[in-house]
Amino acid sequence: RKEVEQDPGPFNVPEGATVAFNCTYSNSASQSFFWYRQDCRKEPKLLMSVYSSGNEDGRFTAQLNRASQYISLLIRDSKLSDSATYLCVVNWTGWNTNAGKSTFGDGTTLTVKP
Amino acid sequence: EAGVAQSPRYKIIEKRQSVAFWCNPISGHATLYWYQQILGQGPKLLIQFQNNGVVDDSQLPKDRFSAERLKGVDSTLKIQPAKLEDSAVYLCASSSFWASSYNEQFFGPGTRLTVL
């Protein structure tokens, strides 16, 4: 089983739709969680961190459920420009260092159509 | 603020040849990562440095891959000899030191390697 698993997608949605992605992780010692966005043939960029209480940034809402070990990303009112691959990232701190150890999911591809 | 720099951007080599990639992280970032991203997959961590020390290289194929970060600044990743399955994008990322597990990773544009 992979340490971080995401909905395989692809998700094809019309403009204005609401779409949600899930991500599950297996390491219960995981401490921090992120969603990154990766455009085609570009490098990943941070979309948002995921906090225990849930957090919102405009049309994007991230949720964390530690008991069930999953995080989610909700996109409301989808725009054409939201078309990208969304990568779930799970970090935990090593035993003797503050350096984070990161594991990326394989990503979920979203295509928003006119 | 300058971002993470990588070179070359593209490289085509034949199997069994050697190749080296270079990365210069954002100034002041103590943590540097090298990732391999195969088409259709997420980035896979190859090696992580904290300053010039290795934090994690558990997924680095040490029989053919090597990496160094002299003086805790820029870094090189080498493959010798290359195999067909090494065809991928090699991404370098950096983050600031303090509690880096909570910090954003900044990625360079990557080096796209094709092994023929």
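Residues numbered from 1 in each chain as written. Chains lettered and ligands numbered in written order. Predicted model: local features only at pLDDT ≥ 70, side-chain atom pairs only at ≥ 80, totals over all residues. Heavy atoms only, no water.

Chemist: Hey, could you run me through the state of the cysteines in this one?
Modeler: Each disulfide is one covalent bond, formed between the sulfur atoms of two cysteines. Following the criterion strictly, the structure yields two disulfides over all chains and no others. A sulfur-sulfur distance of 2.0 Å marks the disulfide that ties Cys23(A) to Cys88(A). Across the S-S bond of Cys23(A) and Cys88(A) the torsion is about -70 degrees, and the bridge reads as left-handed. Placement of the pair is Cys23(A) in strand β3 (residues 19-25) and Cys88(A) in strand β9 (residues 84-93), with a sequence separation of 65 residues. Judged by its relative accessible area of 0%, Cys88(A) falls in the buried class. Each disulfide pairs two cysteine sulfurs, and for Cys23(B) the partner residue is Cys92(B), the sulfurs being separated by 1.9 Å. Handedness here is read from the sign of the S-S torsion; for Cys23(B) and Cys92(B), about -70 degrees, the answer is left-handed. (Disulfide = S-S within 2.5 Å. Helix = DSSP H or I, 4+ residues; strand = E, 2+ residues; numbered from the N terminus. Buried < 20%, exposed > 50% of the residue type's maximum accessible area, 1.4 Å probe, protein only.)

Chemist: When you look at the environment of Ser27(B) in this model, what are you seeing that I'm missing?
Modeler: Residues and elements named next belong to chain B. Within the element layout of this structure, Ser 27 appears in the loop between β3 (19-24) and β4 (31-37). Among the residues examined, Ser 27 registers a relative accessible area of 71% and is labelled exposed. Ser 27 sits 23 residues away from Val 4 along the chain, and the two C-alpha atoms are 8.8 Å apart.

Chemist: It is not clear to me how the side chain of Thr111(B) should be interpreted in this structure. Could you clarify?
Modeler: All names here are of chain B. With respect to the helices and strands, Thr 111 occurs in strand β11 (residues 111-115). Within the structure, Thr 111 has its side chain in polar contact with the backbone oxygen of Pro 8 (distance 2.5 Å). Discounting residues that sit within four places of it in the chain, Thr 111 has contacts with Gln 6, Ser 7, Pro 8, Arg 9, Tyr 10, Phe 21, Ala 88, Val 89 and Tyr 90. (Polar contact = N/O pair within 3.5 Å; in protein donor to acceptor, adjacent residues only side chain to side chain. Contact = heavy atoms within 4.5 Å.)

Chemist: What is the right way to read the layout of surface pockets from this model?
Modeler: To locate leftover empty space, one rolls a probe as large as a water molecule over the atoms. One number sums up the size of the largest pocket: a volume of about 640 Å³. Lining the largest pocket are 31 residues; nearest its centre among them are Gln38(A), Arg41(A), Gln37(B), Leu39(B) and Arg112(B). Within the residue set of the lining of the largest pocket, elements represented by two or more residues are β9 and β11 (108-113) of chain A together with β9 (88-95) and β11 of chain B. Counted by class, the lining of the largest pocket contains twelve nonpolar, 13 polar and six charged residues. The calculated volume of the second largest pocket comes to roughly 420 Å³. Together, 22 residues line the second largest pocket, and Thr103(A), Phe104(A), Pro43(B), Lys44(B) and Gln59(B) are the ones closest to its centre. (1 Å grid on protein atoms, 1.4 Å probe; cavity = no way out; pocket = protein on both sides within 12 Å on 5 of 7 lines; lining within 4 Å. Points joined across faces, edges and corners; volume = space filled by probe spheres on them. Nonpolar A, V, L, I, M, F, W, Y, C, P; charged D, E, K, R; others polar.)

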